[in-house]
Amino acid sequence: MTALQQRIGPHPDGAHLPAHHEQCLGCGVDNPHGHHLSVHREGDLVVATHVFDDRHVGAPGIAHGGAVATVLDDLYGFLLYLVGEPAVTRQLVVEYLAPVLIGTTYRLEARVDRREGRKLFVNAKVTALDGRTAATSTAVFVTVDAEHFTQARPSSAI
Ligand SMILES: CCCCCCCCCCCCCC(=O)SCCNC(=O)CCNC(=O)[C@H](O)C(C)(C)COP(=O)(O)OP(=O)(O)OC[C@H]1O[C@@H](n2cnc3c(N)ncnc32)[C@H](O)[C@@H]1OP(=O)(O)O
């Protein structure tokens, strides 16, 4: 069984979901520049509690918009464990409703809205603990076969 197949699951409700791989910018524990996202399943949602730190600053004290997009993109990547098929981002849209503050705890959640053939229409939001939504997002992922991930270099990482 490949590492990719092992990650497909199934993953029961409440389960912690495994990182895409150790070096993943979003969730890999061995990436020193990464966000070290820790994600679990809540029903049809994938959820993370996340704090952006000084490595991800844009304007002083505020998370860089690209860092927020990175984390959302990676969070969507955990929905694939629920879908049970690999897919990649074709389109990513982020609405920045309020500054995402460095050193502040946010709840991130994502879900699959609908599927049309190979296309997965997904959405997400970033919410402060006081309930205010700082960002919302939609994305289109397209399912791919395992060979998609071996184009860049031979690897069994994912
Ligand atoms: C389960 C376990 C998973 C394990 C985890 C895995 C690792 C995950 C890591 C996660 C890390 C985080 C995530 C990352 O960072 S993923 C990394 C960033 N993303 C990429 O590198 C993807 C690069 N792009 C590609 O490789 C190709 O373009 C793909 C493979 C995506 C599609 O090229 P392909 O030639 O195969 O397909 P197609 O061009 O015919 O298009 C297919 C369909 O899509 C429709 N379409 C196109 N655009 C749009 C749009 N904007 N709105 C709505 N629909 C759109 C299009 O009309 C067509 O529809 P239809 O005609 O079929 O009806």
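Quick note: structure is the one above.
First, a word on scope: everything that follows refers to the structure included in this document. (Residues numbered from 1 in each chain as written. Predicted model: local features only at pLDDT ≥ 70, side-chain atom pairs only at ≥ 80, totals over all residues.)

### Some remarks on the overall build of the protein chain
Scanning the protein chain from terminus to terminus reveals two helices and seven strands. For the protein chain, the α and β elements follow one another from N to C terminus as α-β-β-β-α-β-β-β-β. Taken against the 2.2 N^0.38 rule, which gives 15 Å for 158 residues, the C-alpha radius of gyration of the protein chain at 15 Å falls within 12% of a compact globule. Along the first, second and third principal axes, the C-alpha atoms of the protein chain reach 45 × 35 × 30 Å. With 158 residues in all, the protein chain has 30% of them scored as buried. (Helix = DSSP H or I, 4+ residues; strand = E, 2+ residues; numbered from the N terminus. Rg over C-alpha atoms; globule rule 2.2 N^0.38 Å. Buried ≥ 20, exposed ≤ 12 C-beta atoms within 10 Å, placed from the backbone.)

### With respect to the site of the ligand
If you check the shell around the ligand, you find 23 residues, and the closest are Gly77, Leu80, Val88, Gln91 and Val142. Every element with two or more residues in the shell around the ligand is listed here: helix H1 (3-8), helix H2 (65-83), strand S4 (87-96) and strand S7 (133-143). The leading source of residues in the shell around the ligand is H2, at five residues. For the shell around the ligand, a count of residues per class yields 10 nonpolar, six polar and seven charged. (Near = placed C-beta within 6 Å. Nonpolar A, V, L, I, M, F, W, Y, C, P; charged D, E, K, R; others polar.)

### A closer look at the pairing of strand S6 (residues 119-128)
Direction of pairing for strand S5 (residues 105-116) relative to S6: antiparallel, over a ladder of 10 bridges. Along S6, the bridge assignment pairs Glu109 with Lys125. The pairing of S6 with S7 spans nine bridges and is classified as antiparallel. Note that in S7 the partner of Val122 across the bridge is Ala139. (Pairing = 2+ DSSP bridges.)

### A look at the sheet that holds S6
Strand order across the open sheet formed by seven strands is S1-S2-S3-S5-S6-S7-S4, with antiparallel pairing between neighbours. The open sheet has two free edges, formed respectively by strand S1 (16-17) and S4, since each of these has just one partner strand. Along the sheet face, H2 touches S1, strand S2 (39-42), strand S3 (45-51), S4, S5, S6 and S7 and points at about 135 degrees away from the line of S4. (Contact = placed C-beta atoms within 7 Å. Axes fitted to C-alpha atoms, helices over the stretch in contact; angles between N-to-C directions.)

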